[in-house]
Each structure stands twice: as C-alpha cells, then as structure tokens.
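# Structural features, examined
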Amino acid sequence: MMKLFDREYLRRKIKEYKRDPFSFVLLAAVCLAAFVTMLALLFVIVYILVKGIPHLTPELFSWEYNSDNVSLMPALINTLLIAALSLLFAVPVGIGAAVYLTEYAKRGNKLVGIVRITAETLSGIPSIVYGLFGSLFFVKYLGFGLSLLSGALTLAIMILPLIMRTTEEALLTVPDSYREGSFGLGAGRLRTVFKIVLPSAVPGILSGIILGIGRIVGESAALIFTAGTVAEVANSVFDSARTLSVHMYAISGEGLHIDQTYATAVVLLAVTIIINALSEFAAKKLGGGERQNE
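Reference entry: report on the structure contained in this document. Everything numeric here is computed off the predicted structure, so don't read it as measured data.

Per the stated rule, a full pass over the model turns up seven aromatic pairs. Ring centres of Tyr47 and Tyr262 lie 6.1 Å apart, and the angle between their planes is 75°; this geometry places the pair in the edge-to-face category. On the criterion of sequence distance, the pair formed by Tyr47 in helix 2 (residues 21–52) and Tyr262 in helix 12 (residues 258–293) is long-range, its members being 215 residues apart. Judged by its relative accessible area of 24%, Tyr262 is partly exposed. The ring of Tyr104 carries the charged tip of Arg189 above its face, separated from the ring centre by 5.8 Å. The ring of Tyr65 has Arg242 sitting right over it, with the charged end atom 5.4 Å from the ring centre.

Structure (structure tokens):
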C-alpha cells in the first residue's frame, strides 16, 4: 500500500502502462471486479445484521421449539451434528482418493483422468438433484428414512469432489525434493506420504474442508428430501431433524415469522464465520508448526 504513495513508483508504472495500455485496462477491470465483490459481500452482511440483530431474543434460543418462540436452538445443534457426520464420511474418502491420484497412480493413467472428470461433473450437479438421489437411495432403498444419516451421506457425496480436488492440488504443491529426500533416507512410500507429504499439505487440505463446511451449513434443498424438517434435536442418527438453513426456509415459507427468519440468518452467518475462523487458525498453526520442524 505504501508504494501507491511513492511518486517514483507511480511514474514508473504510468510509463509502463503508456507502453502497454491493454495491461492498464486489465488491471482496472480486475480492481473493479474485486471492489464490486467486496461491496456486494459487505452489503449482504450489513443488511442481514441490521434486519436480524434487533430480533435476537432469549425465546429464540429456547431448548424446545414451538409455534410461539420458533426457537432455532434445535436446528443449530442439528446443523453441528450433521456437519460433523458429513465430514466423518467425506474427509477420509476424499483425502484417500487424492493421495492415490497424486502419490500412487502412474502418470497418464486412464483411471486418473476418469476420476477427475467424474469429480468435476459431480461438482456441477445442482443440490436438488443430490436431494432426489438421496431420497431414492438412502431414504427409500436402504431404508434409512428421513434422518440425520440420510442427510449426512447425501452431503458427504456433495462435498466429496471439493475435498478431493483441493487435497489433490495441495499435495501437488509439495516439492518433489521432500519425497526424494525421504526416499533417500530409506523411508517407504507410505511413511513418506503420512510423515512428509500430508503434513506439508495440511493448510491446503483444511481450506477444502472449510469450503465443504460452508456448503454443508448453507445447504437446504438436499436436506429437505433426506433429513426432513422435524424441529427437534435428533437423539440418534436415524431421527429426522432440520438444520438452520432448512429452519429458515420453513419459517419464512409460513410468512408469519419473517423477523425471526432474519434473526436466524444472523446466527447462521455467525456460525459460518466462527467455523471458518477456527479452521483458518488451525491451518496457520499446523502450517507454522511444520515449517518450524523443517
């Protein structure tokens, strides 16, 4: 930022842009796009806070839901439960698949290309399609019914391509010299992967998990068909329950609790920010610890 106030720096940049005006146009377009994105995000956050904060009442955080208090507490607990359950299914499979693609599969392997194309295709499928699949397969065919388990398995399939691709990219950024040094010291491939490669890629892997959590917390369409809309805390994985996003959809659809809907949006926004902040903190700590060990 200090360079922007350096006259010599500005003169040099102006001369460069005079020689190549197209670069200046691209820079201006990028800056404008970044500004518009930040402005839109700021507007959404401020709008939700202004509309929702005045309606955050103690009744909204009651342990039991009823038509008078429309409590969000059961939905909040269910959101955390289904997020943990989804990650329990998706993270080991996604990381394992990425490790195979980057560390074990031979270069030019046709299977690798098929898996990557499949993952990219799955990433572009609308969530409502996942919901219909989960309803037919997990709810009806496997007999899990409308439950946390059906919803978590459906969400795990949704976020699996995201975790796999981000983990793969994180593993590819680890220098080959790390692997060569480990092999040179007599370590096997498995030990190299778990002791050298994966710890070095932890920040990138956590970034993918953060994005996956964001999609889980904000998902509603798929969960309506798989987890249901029961406004109670689930006592087991086979109980039907609603998450915060489904809770918002349900009470806003009634048209009687719009103010409480905005208040729920504030809580959902706060939960998302807190989870992301904790994940980022963990990524920095783990990444810093690995660099110190090196």
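This part covers the environment of Ala282. Tracing the chain through its elements places Ala282 in helix 12. Through-space distance from the C-alpha of Ala282 to that of Leu206 is 8.3 Å; in sequence the pair is 76 residues apart.

The final tally for this structure, using the stated rule, is five salt bridges. Arg179 is the partner of Glu103 in a salt bridge, and the nearest nitrogen-oxygen pair spans 2.7 Å. One end of the pair, Glu103, is in helix 3 (residues 73–104); the other, Arg179, is in helix 7 (residues 176–184), with 76 residues separating them in the sequence. Arg179 shares its class with Glu103; the two are buried. Residue Glu168 is joined to Arg116 by a salt bridge in which the shortest nitrogen-to-oxygen separation is 2.3 Å. Placement of Glu168 in helix 6 (residues 148–172) and of Arg116 in helix 4 (residues 110–123) is noted, with a sequence separation of 52 residues between them.

The next subject is the packing of helix 4 against helix 6. Packing of helix 4 against helix 6 leaves a shortest axis separation of 9 Å and a crossing angle of 130°. What the angle tells us is that helix 4 and helix 6 run oblique. Between helix 4 and helix 6 lies a crossing of left-handed hand. Two secondary-structure elements touch here, helix 4 through Val115, Arg116, Ala119, Glu120, Leu122 and Ser123 and helix 6 through Pro161, Met164, Arg165 and Glu168. Tallied by class, residues from the contact of helix 4 with helix 6 come to five nonpolar, one polar and four charged.

Criteria and cut-off values
Residues numbered from 1 in each chain as written. Predicted model: local features only at pLDDT ≥ 70, side-chain atom pairs only at ≥ 80, totals over all residues. Heavy atoms only, no water. Phe/Tyr/Trp six-rings, centres within 6.5 Å; stacked < 30°, edge-to-face > 60°. Helix = DSSP H or I, 4+ residues; strand = E, 2+ residues; numbered from the N terminus. Buried < 20%, exposed > 50% of the residue type's maximum accessible area, 1.4 Å probe, protein only. Lys NZ or Arg CZ within 6 Å of the ring centre and 35° of its normal. Salt bridge = Lys/Arg side-chain N within 4 Å of Asp/Glu carboxyl O. Axes fitted to C-alpha atoms, helices over the stretch in contact; angles between N-to-C directions. Parallel < 35°, antiparallel > 145°, perpendicular 65-115°, else oblique. Left-handed = near helix turned anticlockwise from the far one by under 90°. Contact = heavy atoms within 4.5 Å. Nonpolar A, V, L, I, M, F, W, Y, C, P; charged D, E, K, R; others polar.

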